[in-house]
Every structure is written in structure tokens, then in C-alpha cells.
Amino acid sequence: MLRFPGHGHRHPEDVVIGPLDLSAHVDEALAVQALAFGLGADEVAVRRQIVLRHMTYPGARALGATAEGRLVGFVYGMPNDRAHWWSTVVEPYLRARDHDAWLDNSFVITELHVHPQYQNRGVGRSLITTVTDSVAEPRSILSAIDTDSPARGLYHSLGYEDLARQVLFPSAPKPYAVMGAPLPLRRRG
């Protein structure tokens, strides 16, 4: 069962969603991401530096999902800034579809990952809805591998729509879709 700190009685098998000091727990988070996303050690090392840099940006926030004392999922994001690398890559794709205004006044979900053993239990949904509930921006944007996947199904059920597809990131082997949704996100699809 999903629980939030201070709400109800905990059971050992509960997944608890709460604030996460991602800088202090970056290695645990990246271990979850490596399992969920299939990353190798070199990719994890690169992403570690990116995560630590991102957490210094104004408005960056993270939540974690823990079970039996270990991190089993996390989400983090920040108010979007057109000067950030991600925005500079996706902007031409969005502009070509007249969606580049989505880069302004949006909260970008940078990463959302759940350990494979805890997927399909509502953990990802709880993480993303909880982190976006506390932001000032009126909408959210993210990118996801452009395939018919459970992750994209989740995002669609939350109200995200495709803003651009077949977006190519340098060194990424597969194309991505950029998706956007008004906030608050839908609770059930």
C-alpha cells in the first residue's frame, strides 16, 4: 500500500512517498534508475554529475518512494529554463509544431523511475502527482522514449499529450517524445 509520512499506520510492506534529499541519496536513486532504465556504469557516472548539478537549480525538488528502508523509486524536476540543455535540444522540435510556448512557465519532470519489482503499483503515479501538486507553474513537461510503453501510458492517463515526437537527443540511441500537461495532473486515467 502507498503511504505518505504522517498518514495512517505503517506496515513493513508499505511504500512510503516523501521528500528526498537527492544529492545525499544520488547513488541509491541512480541504482534504481539503472535497473528500471537499463543503464551501464558509464551512463550512471555521467548521470550522477547531471543530477548533482540539477539539484542546485532554483526550485529543484525531489521525492522518493521507500519500502522496507530502501529507496524503490524517485522523481525530480524543476521549473523549466530555456537556457538549460534539455530545452535547447527540444525547442526546435516544439517550435516546428507551434508548441514552444510550453517551455515557458512549466515544471519539467527530469527523471521518474521505479524499481521493476515495484512497478504497476501506483508508485510512479503517486510520485509524479505529488511532486507537481506543490509547484507554482500551471503546467508540466517531460520527455519519454517514443514507444508505446507503460511509462507513456501512465503519462497519457495523467493528462500529458504529445507535443513533439521523434525528438533526437545527442548520444541517445532511441528517439523521444516531448509531452505536456496542465496542472494539476489527472488522478485517474
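One can find the structure itself at the top, above this paragraph.
Residues numbered from 1 in each chain as written. Predicted model: local features only at pLDDT ≥ 70, side-chain atom pairs only at ≥ 80, totals over all residues. Heavy atoms only, no water.

Chemist: What is the right way to read the overall build of the chain from this model?
Modeler: Counting its regular elements, the chain contains 5 helices and 8 strands. Taken over C-alpha atoms, the radius of gyration comes to 16 Å for the chain, in line with the 16 Å a tight globule of 189 residues would show. Counting the 189 residues in the chain, one finds 46% classified as buried. Pairs at least 24 residues apart make up 65% of the contacts formed inside the chain by residues separated by at least 6 positions. Accessible area for the chain stands at about 9700 Å²; split by element, carbon and sulfur atoms hold 54% of it. Here the chain holds 19 positive side-chain charges and 20 negative ones, and the gap between their average locations is 3 Å. (Helix = DSSP H or I, 4+ residues; strand = E, 2+ residues; numbered from the N terminus. Rg over C-alpha atoms; globule rule 2.2 N^0.38 Å. Buried < 20%, exposed > 50% of the residue type's maximum accessible area, 1.4 Å probe, protein only. Contact = heavy atoms within 4.5 Å. Areas by Shrake-Rupley, 256 points an atom, 1.4 Å probe, with all protein chains shown as cover. Lys, Arg positive; Asp, Glu negative; His and termini not counted. Charge placed at Lys NZ, Arg CZ, Asp CG, Glu CD.)

Chemist: Sorry if this is basic, but what is going on with the side chain of Arg152 here?
Modeler: Residue placement: Arg152 occurs in helix 5 (residues 150-157). If we ignore the near neighbours within four places in the chain, the residues touching Arg152 are Ala144, Ile145, Asp146, Thr147, Asp162, Arg165, Ala177 and Met179.

Chemist: Help me understand the packing of aromatic side chains in this model?
Modeler: Given two aromatic rings, their pairing is described by the distance between the two centres and the angle made by the two planes. Enumeration according to the criterion identifies 3 aromatic pairs in this entry. Between Tyr155 and Tyr160, the aromatic rings sit 5.8 Å apart at their centres with planes inclined by 65 degrees, giving edge-to-face as the arrangement. Its relative accessible area of 1% is what places Tyr160 among the buried residues. With centroids separated by 5.2 Å and ring planes inclined at 90 degrees, the aromatic side chains of Phe169 and Tyr176 adopt a geometry described as edge-to-face. Residue Phe169 is classed as buried on the basis of its relative accessible area, which comes to 9%. (Phe/Tyr/Trp six-rings, centres within 6.5 Å; stacked < 30°, edge-to-face > 60°.)

Chemist: What is the right way to look at the pattern of salt bridges in this model?
Modeler: Under the definition given, this model contains 10 salt bridges. Within this structure, Asp146, Arg152, Asp162 and Arg165 form a network of salt bridges that share partners. (Salt bridge = Lys/Arg side-chain N within 4 Å of Asp/Glu carboxyl O.)

Chemist: Where do I start with unusual backbone geometry in this structure?
Modeler: Where the residue is not glycine, phi is negative for most of them; where a peptide bond is considered, it is trans in most cases. With an omega of 0 degrees, the peptide bond running from Leu183 to Pro184 counts as cis. Notably, Asn105 is not glycine yet its phi reads approximately 55 degrees, a positive angle. Positive phi values are uncommon outside glycine, yet Ser171 reaches one of about 70 degrees. Counting through the fold element by element, Ser171 comes out in the loop between strand 7 (161-167) and strand 8 (176-182). For Ser171, a relative accessible area of 81% translates into the label exposed.

Chemist: Help me understand the packing of helix 1 (residues 26-37) against helix 2 (residues 41-54), please; the structure alone is not making it clear to me.
Modeler: When two helices pack together, their arrangement is given by the angle between the helix axes and by the axis-to-axis distance. Across the interface, helix 1 lies against helix 2 with an axial gap of 10 Å and an inter-helix angle of 130 degrees. The orientation of helix 1 with respect to helix 2, classified from their angle, is oblique. Crossing hand, helix 1 versus helix 2: right-handed. Here Val26, Asp27, Leu30, Gln33, Ala34 and Phe37 of helix 1 lie close against helix 2, whose contacting residues are Val44, Arg47, Arg48, Val51 and Leu52. Broken down by class, the residue content of the contact of helix 1 with helix 2 amounts to 7 nonpolar, 1 polar and 3 charged. (Axes fitted to C-alpha atoms, helices over the stretch in contact; angles between N-to-C directions. Parallel < 35°, antiparallel > 145°, perpendicular 65-115°, else oblique. Left-handed = near helix turned anticlockwise from the far one by under 90°. Nonpolar A, V, L, I, M, F, W, Y, C, P; charged D, E, K, R; others polar.)

Honestly, it's all geometry; don't read function into it.
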